[in-house]
Amino acid sequence: MKKSTFVAMVLGTVGGILFALGMCMALITEWNAFRQGVIMGVIGVIVLLITVLIWRRMENKAPIRPSGKTVGATLIGLAGALLLGVGMCLTMVWSQMVIGIVIGLVGIVLLLCLIPFIKGLK
C-alpha cells in the first residue's frame, strides 16, 4: 500500500466518523446535543476536505478545477447522500417506515446515477 493511500484512508476514516457522529448528535433529539453535533459535523467535513488536498498533493496531481460537470456531480452526490440519510432517519428515528424507505431508495438511485454521470456509458 502506498503511503498516500494509507494517509488518505486514515484521514478519511477519522473525518467520516466525526461527520457521522456529529450528524447523529444533531439529529437524535434525546441526546440534546444539536449545537455540539453541528460543530463536530463541520469538523468532520473540514477533515475530509483536507484529506482530498493532502492526497492530491502526495500523488502530485493538479488541483481540482471546478467545471460544470464537477459542480453537477457534487450536487448529485450531496442530494443523494442527503436523501438517503433523511430516509434512514424517517425509518429509524421517526417510525415513518414506508416514506422513509421510498426516500432512501430515491437517494440510492441518485448515488448510483453518479457512476454513468462521471464515467460515462460505453
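For the structure itself, consult the block above.
Rules used in this analysis
- Residues numbered from 1 in each chain as written.
- Predicted model: local features only at pLDDT ≥ 70, side-chain atom pairs only at ≥ 80, totals over all residues.
- Heavy atoms only, no water.
- Helix = DSSP H or I, 4+ residues; strand = E, 2+ residues; numbered from the N terminus.
- Expected span 1.5 Å × (residues − 1).
- Buried < 20%, exposed > 50% of the residue type's maximum accessible area, 1.4 Å probe, protein only.
- Salt bridge = Lys/Arg side-chain N within 4 Å of Asp/Glu carboxyl O.
- Contact = heavy atoms within 4.5 Å.
- Axes fitted to C-alpha atoms, helices over the stretch in contact; angles between N-to-C directions.
- Parallel < 35°, antiparallel > 145°, perpendicular 65-115°, else oblique.
- Left-handed = near helix turned anticlockwise from the far one by under 90°.
- Nonpolar A, V, L, I, M, F, W, Y, C, P; charged D, E, K, R; others polar.
- Polar contact = N/O pair within 3.5 Å; in protein donor to acceptor, adjacent residues only side chain to side chain.

**Here we look at helix 2 (residues 34–58)**
Part 1: Compared with an ideal rise of 1.5 Å per residue, which puts 25 residues at 36 Å, helix 2 spans 36 Å between its outermost C-alpha atoms and is within 8% of the ideal.
Part 2: Regarding helix 2, the residues found buried are Gly 37, Gly 41, Gly 44, Val 47 and Thr 51.
Part 3: Directly beyond the C-terminal end of helix 2, a positive phi value near 55 degrees is found at Asn 60.

**Observations concerning the pattern of salt bridges**
Part 1: For the structure on display, the rule yields one salt bridge.
Part 2: Notably, a salt bridge pairs Lys 2 with Glu 59, separated by 3.0 Å at the nearest N-O pair. Pair noted here: Lys 2 is in the segment before helix 1 (3–27) and Glu 59 is in the loop between helix 2 and helix 3 (68–92), with a separation of 57 residues, a long-range link.

**Considerations on the side chain of Thr 51**
Part 1: Looking at where Thr 51 falls in the secondary structure, it is placed in helix 2.
Part 2: On the basis of relative accessibility, which here comes to 8%, the residue Thr 51 falls in the buried class.
Part 3: Setting aside chain neighbours within four positions, we find Thr 51 in contact with Ala 8, Leu 11 and Gly 12.

**Some words on the packing of helix 3 against helix 4 (residues 97–119)**
Part 1: Between helix 3 and helix 4, the shortest axis-to-axis distance is 7 Å and the interhelical angle comes to 160 degrees. Here helix 3 lies roughly antiparallel to helix 4, going by the angle between them. Viewed along their axes, helix 3 and helix 4 form a crossing whose handedness is left-handed.
Part 2: Among the residues forming the contact of helix 3 with helix 4, the class breakdown is 19 nonpolar, eight polar and one charged.

**Considerations on the side chain of Ser 4**
Part 1: Structurally, Ser 4 can be placed in helix 1.
Part 2: Side-chain polar atoms of Ser 4 contact the side chain of Glu 59, separated by 2.3 Å.
Part 3: Contacts of Ser 4, omitting those with residues within four sequence positions, involve Trp 55, Met 58 and Glu 59.

**Quick word on helix 3**
Part 1: Compared with an ideal rise of 1.5 Å per residue, which puts 25 residues at 36 Å, helix 3 spans 36 Å between its outermost C-alpha atoms and is within 8% of the ideal.
Part 2: For helix 3, every residue scored as buried is listed here: Gly 72, Ala 73, Gly 77, Gly 80, Gly 87, Cys 89 and Leu 90.
Part 3: Of the surrounding secondary structure, the elements contacted by the buried residues of helix 3 are helix 1 and helix 4.

**So, the environment of Ile 76**
Part 1: You can see Ile 76 is positioned in helix 3.
Part 2: Judged by relative accessible area, which is 22%, Ile 76 ranks as partly exposed.
Part 3: A C-alpha to C-alpha distance of 9.5 Å links Ile 76 and Gly 107, two positions 31 residues apart in sequence.
Part 4: Among residues more than four places away in sequence, those in contact with Ile 76 are Leu 110, Leu 114 and Phe 117.

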